[in-house]
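Per-entry structural report
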2 protein chains.
Amino acid sequence: MSIRIGILGYGNLGKGIEAAVLQNPDMELKAIFTRRDPASLKPASGNVPVYAADSAADHKDEIDVLIICGGSATDLPKQTPLYAKDFNVIDSFDTHAKIPEHFAAVDSAASENGHVAMISVGWDPGLFSLNRMMAGAILPDGKDYTFWGKGVSQGHSDAIRRIEGVKNGKQYTIPVPEALEAVRSGKNPELTTRQKHTRECFVVAEEGADLAKIESEIKNMPNYFADYDTTVHFISEEELQRDHSGIPHGGFVIRSGKTGLNKENQHIIEYSLKLDSNPEFTASVLAAYARAVYKMAKEGQKGCKTVFDVAPAYLSPLSGEQLRASLL
Amino acid sequence: MSIRIGILGYGNLGKGIEAAVLQNPDMELKAIFTRRDPASLKPASGNVPVYAADSAADHKDEIDVLIICGGSATDLPKQTPLYAKDFNVIDSFDTHAKIPEHFAAVDSAASENGHVAMISVGWDPGLFSLNRMMAGAILPDGKDYTFWGKGVSQGHSDAIRRIEGVKNGKQYTIPVPEALEAVRSGKNPELTTRQKHTRECFVVAEEGADLAKIESEIKNMPNYFADYDTTVHFISEEELQRDHSGIPHGGFVIRSGKTGLNKENQHIIEYSLKLDSNPEFTASVLAAYARAVYKMAKEGQKGCKTVFDVAPAYLSPLSGEQLRASLL
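Not measured: the values here are computed from a predicted model.

The subject of this paragraph is the relation of the copies chain B and chain A. Mapping chain B onto chain A calls for a rotation angle of 180 degrees and an axial translation of 0.0 Å; the resulting RMSD is 0.0 Å. Within this description, the copies of the chain are treated as partners about a two-fold rotation axis. Closest approach to the rotation axis within chain B is made by the C-alpha atom of Ala311 of chain B, at a distance of 1.9 Å. By residue overlap, the copies meet face to face through one surface: 100% of the interface positions of chain B are interface positions in chain A.

Bringing the environment of Tyr10 of chain B into the picture now. Residues and elements named next belong to chain B. If you trace the backbone, Tyr10 turns up in the loop between strand E1 (3-8) and helix H1 (12-23). When its relative accessible area of 8% is taken as the criterion, Tyr10 is described as buried. Sequence-distant contacts of Tyr10, that is, excluding residues within four places in its chain, are made with Lys15, Glu18, Ile32, Arg36, Leu41, Lys42, Pro43 and Ala44. A polar contact is formed between the side chain of Tyr10 and the backbone nitrogen of Ala44, at a distance of 2.9 Å.

Further remarks concern the interface of chain B and chain A. Where the parts come together, the accessible area they lose is often given as the size of the interface. The interface is formed by 67 residues belonging to chain B together with 67 residues belonging to chain A. Counting each side, the surface lost to burial between chain B and chain A is near 5600 Å², with a carbon and sulfur contribution of 65%. Only H1, helix H3 (99-112), helix H4 (127-138), strand E12 (249-259), strand E13 (265-275), helix H10 (278-298) and helix H11 (320-326) of chain B provide two or more residues apiece to the side of chain B that touches chain A. Residues of the side of chain B that touches chain A, tallied by class, amount to 36 nonpolar, 17 polar and 14 charged. Pairing of strand E13 (residues 265-275) of chain A with E13 of chain B involves nine bridges; the strand directions are antiparallel. Bridging from a neighbouring strand, Ile268 of chain A pairs with Lys274 of chain B of E13 of chain B.

With that out of the way, let us pick up the state of the cysteines. Residue and element names in this part refer to chain A. Summed over the entire model, instances satisfying the criterion amount to zero disulfides over all chains. Cysteine Cys69 is unpaired, with the sulfur of Cys304 as its nearest cysteine sulfur at 16 Å. Among the residues examined, Cys69 registers a relative accessible area of 12% and is labelled buried. Here Cys304 falls in the buried class, since its relative accessible area comes to 6%.

Basis of the calculations
- Residue indices begin from 1 for each chain and proceed along its sequence in written order.
- Ligands are numbered from 1 and chains lettered from A, in the order in which they are written.
- Predicted model: local features are reported for residues with pLDDT of at least 70 only, side-chain atom pairs are reported and counted for 80 or more only, and whole-chain, interface and lining totals are derived from all residues.
- Only hydrogens and water are removed before side-chain values are computed, so all heavy atoms of the structure are retained for them.
- Here the copies are superposed with least squares, the fitted atoms being C-alpha atoms of residues at a pLDDT of at least 70 in both.
- By definition in these notes, contact holds between two residues if any of their heavy atoms fall within 4.5 Å.
- To qualify as a helix, a DSSP run of H or I must reach at least 4 residues; to qualify as a strand, a run of E must reach at least 2; elements of each kind are numbered from the N terminus.
- Accessibility here uses a 1.4 Å probe with only protein chains present; expressed as a share of the type maximum, an area under 20% marks a residue as buried, one over 50% as exposed, and anything in between as partly exposed.
- Polar contact criterion, stated in full: a pair of N or O atoms within 3.5 Å, where within protein one must be able to donate a hydrogen and the other to accept it, and residues adjacent in sequence count only if both atoms are side-chain atoms.
- Buried surface area refers to the total accessible area, computed with a probe of radius 1.4 Å, that the two partners give up upon joining, counted for both partners together.
- Residue classes follow a fixed rule: Ala, Val, Leu, Ile, Met, Phe, Trp, Tyr, Cys and Pro count as nonpolar, while Asp, Glu, Lys and Arg count as charged, and any other residue, Gly among them, counts as polar.
- Strand pairing requires that DSSP identify at least two bridges connecting the strands.
- A pair of cysteine sulfur atoms is labelled a disulfide when the two atoms are within 2.5 Å.

Encoded structure:
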């Protein structure tokens, strides 16, 4: 029997889930729930029922795991606890500082209603967190580094587009190669924000706009750009569409640590991702963990879980026996 | 209260465990068990009791987890099932093909006696297995690559030393940089054994030995060298001791996979290790998983486990709350 998946929210992430489910023969996309007019939504993969988000509870018996694809700022803090009442759920909540609060709200809803709910699943938080945590447990005497990119930051792109005279724009976060090399060499450098990442902006200006002013506003924007070395390129809308329409991302989690009675030996653990499509990869991580949610719920587990709580075997369609024979 | 660790077997790995336990404030080394004369063994870290391996069962109430540091060829297949009767145990059994058999023997001993037993913990099998498995679950439409090195292969070094006229020798396994790059580029190349790794040998010959004959014997040795491009350097014993006395190792697990309705997006997941000391790093992995064994046993779990079965949070001394607040 297939794992019956529901998607709540049909943006880039929801579409990524749709594609990911098709790649997993043990899963089936049963329904898409949307806050838009369901009639207006045409699923890319064909004949999937589309329902209003408000009516989701009517379909709770048709869905094993509901994947909630809302935004972290305002959607997920409401949606995940709400839908955890009627469904086993999973989300990609990524506001790191608010995870404990989100966990508490989701845990209470899921526990009271006998469901499994996973939060903050994706690559950061998610796979990167797992690697930070495991590398730290293995090499307790060491130092962690996370680099992001090269990739598109949606938040920084939005910030550019809010500037007067800017028609469109896209921002790439880029790790500084020298910083990466210093970390890999085991030097355990202390790195400032500016030393770790640079920011590169591709901006389409409105006709007659003051380019120098736009560039200065970007480079001096507090929090977003002022602490970084930022490059601004003005290009045409055509060039932006042609060369910068993708949503690539990636990054590196590196731990450098010492062992030995006299700390004489150095070790480097590195985990990296190079992603053509940030939302599709995040969706693929969510799909694998949705399988884990399904298995945990079947076992009678309940409450809120994170990637730290899930035995890796739950992610795989293979049995323990198959995993040991083929992948250990 | 500390986790009370016992070490069975005081070779390179056992000594690594001793050093790793000292780095983990929640652990305490309670005893070392040896097949040698206990009086002849002087633990590097000082005043640790040393007992005969035969008498280990007399000390079962003093030990929470016994880390078995024997060899995979003949020691562990006997030792791990045997000691799983009296202890929670963990080993680094690394004969991939015999894991199912070893699992069955250990599972039956551990289950019958109410203990938790982990097998095949280290980096390969171990962390590399985990990364192969998880990357495969996340990107089902893709291809796996494992490269080893640069590092010392004990088996190949032993093979060299068995050749007539060879006094001493050390062999390094080295990944071919072009193969690594082809994999990272997402080309999903089909690679032969020869295309993936080269082998470099440093050989100390006996006086008057026929160097050409030794070199030819090495390069043509079936299984070990014949399928590889092998380089042989003759050096002095002094040079060997000075430049090649370490036991470095490492490697790369890379999965390249596609997502999207039309498989239009490519993703690369890469995990790599660069280790100054193979046994000390393996010991550090064992120590972290010994913590997991302790926690699982406390919860009343029993039977044989592998890295696939252990929720990552069990590796850490931090609570779930601390992990979520600081590392997610």
